[in-house]
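Each chain is listed here by its residues.
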Amino acid sequence: MSTTKNLYGRRLPGYAIATAVVLTAAIGLAFFFAPIEADQGFSQKIFYIHVPLAIVTLGGFIFGGIFGIKYLRSGESRDDLRSYTAIHQGVIFCIGALITGCIWAKASWGQWWVWDEPTLVSFLIIFLLYTTYQPLRFSIEDPERQARYAAVFAVVAGVFVPVNFIAVRLAAPLIHPRVFSNSGDSLPGDMRIAFYTALIGTALLFITICKYEMSSKHSRAQLAALRRSIGGESDEPNAARRAAPRVAVR
Amino acid sequence: MSNTLPPNSGYVAAAYLVFVAILLVYVVIMAIRAARVERELTELLAQSQERGAQTAQNETSNA
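Residues numbered from 1 in each chain as written. Chains lettered and ligands numbered in written order. Predicted model: local features only at pLDDT ≥ 70, side-chain atom pairs only at ≥ 80, totals over all residues.

1. Some words on the interface of chain A and chain B
Spelled out, the test is: Whether two residues are in contact depends on their C-beta atoms, placed from the backbone: they are in contact if these lie within 7 Å. Comment: elements are numbered from the N terminus, with helices defined as DSSP H or I runs of at least four residues and strands as E runs of at least two. Ten residue types, Ala, Val, Leu, Ile, Met, Phe, Trp, Tyr, Cys and Pro, are classed as nonpolar, four, Asp, Glu, Lys and Arg, as charged, and the remainder, Gly among them, as polar.
Between chain A and chain B, the contact holds 24 residues from the first and 21 residues from the second. Looking at the side of chain A that touches chain B, the elements that each hand over two or more residues are α2 (47-74), α3 (77-109) and α7 (189-231) of chain A. With nine residues, α7 of chain A is the largest single contributor of residues to the side of chain A that touches chain B. Of the residues contributing to the side of chain A that touches chain B, the split by class is 13 nonpolar, seven polar and four charged.

2. Some words on helix α1 (residues 9-62) of chain B
Selection rule: Each residue after the first adds 1.5 Å to the expected span of a helix. Every C-beta atom is placed from the backbone, and the number of other C-beta atoms within 10 Å of a residue's own sets its class: buried at 20 or more, exposed at 12 or fewer, partly exposed in between.
An ideal rise of 1.5 Å per residue puts 80 Å on 54 residues; α1 of chain B measures up with 79 Å between its terminal C-alpha atoms. Across the 54 residues that make up α1 of chain B, only a small minority, five, are buried. Residues of α1 of chain B that are buried in the fold lie against α2 and α3 of chain A.

3. Some thoughts on the nonpolar core
Just so we agree on the cut-off: Any set of buried Ala, Val, Leu, Ile, Met, Phe, Trp, Tyr and Cys residues joined through C-beta atoms within 7 Å is what this text calls a nonpolar core.
Membership of the largest hydrophobic core comes to 62 residues, with the highest contact counts inside it found for Ile46, Tyr48 and Ala194 of chain A together with Ala15 of chain B. Excluding anything up to four places from it in sequence, alanine 15 of chain B contacts Ile46, Ile49, His50, Thr100, Ile103 and Trp104 of chain A.

4. Observations concerning the packing of α2 of chain A against α3 of chain A
Residues and elements named next belong to chain A. So the rule is basically this: Between the N-to-C directions of two axes lies an angle of 0 to 180 degrees, each axis being a line fitted to C-alpha atoms and, for a helix, fitted only over the stretch in contact. By the definition adopted for this analysis, an angle is roughly parallel if under 35 degrees, roughly antiparallel if over 145, roughly perpendicular if from 65 to 115, and oblique otherwise. Throughout, a crossing is termed right-handed when the near helix is turned clockwise from the far one, and left-handed when it is turned anticlockwise from it by less than a right angle.
Their axes nearest at 7 Å, the elements α2 and α3 cross at an angle of 160 degrees. The orientation of α2 with respect to α3, classified from their angle, is roughly antiparallel. Like other packed secondary-structure pairs, α2 and α3 cross with a definite hand, here left-handed. Its residues assigned to classes, the contact of α2 with α3 comprises 14 nonpolar, twelve polar and four charged.

5. Focus: the confidence of the model for chain A
The condition is simple: Confidence scores labelled pLDDT are given residue by residue by the predictor and lie between 0 and 100.
When pLDDT is averaged along chain A, the result is 87; 88% of the residues meet or exceed 70. The lowest-confidence element of chain A is strand β2 (residues 184-185) of chain A, averaging 56 in pLDDT; the highest-confidence one is α2 of chain A, averaging 95.

6. As for unusual backbone geometry
Backbone geometry places arginine 11 of chain A, a non-glycine residue, at a positive phi of 65 degrees. Exposure remark for arginine 11 of chain A: the 13 C-beta atoms within 10 Å place this residue in the partly exposed category.

Structure, rendered in structure tokens:
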């Protein structure tokens, strides 16, 4: 018997409210509290949206890998759904980070993209790697094989993310700034408050959207189950090929 | 108070607009899906009511 405790949308309103409050505060702090940076001027305000997006993207990919491991251990479809959702939203956040990064690069360096910069190119490689996730899932018809192969991909790619991050940190930067240097973070106090608020807000937004997507997918699965039940159809789910995981009704 | 915008403010606005635009596109997609779920639920409810009425009619005629 399904209980409300098991639902994906549990605590979703709380997350949504927290996201709205923290993100609004972050934008307010970024524009009215944090000082204007002496070197880059007003364009540095892009930092408060670009860096949190990039960090949350990488975090989302790592969580995709963690849920991939959980799926390979448990075989439970909810872990596959969590891995899928984290990677799916990670790719969307990654697009946001890339576009805002390009705009910031144009404002600060006068160029939309710098191919010599390891930070930029490595981030692009990670993005391109994860864009193959959806076609990979779509190419496999059998839902169980699809979930298993996708989990293996999520784990391998998830390991690549921190390795890549460390490699880039060890490389000599050309022009891309290091916000957190090896000797600690290099932000002045007021900027740090605005930045961490933006980071928490973006992370909350990521969690809210992931929970909302999982809840939406579960609702559609429940609807399909209800249709089969009313229509007297067999319990076999619709066999149409798709990239999204089959969601078990809870 | 000065009426002039700080230099590069267009780029800053563009970056934040990208963020808002991505969010709005997501909201639109989810709204379309929610509307589809609502429509399908309405169809199912009508189907269920029709079936209930038919069963009641059959029971009446059998009695």
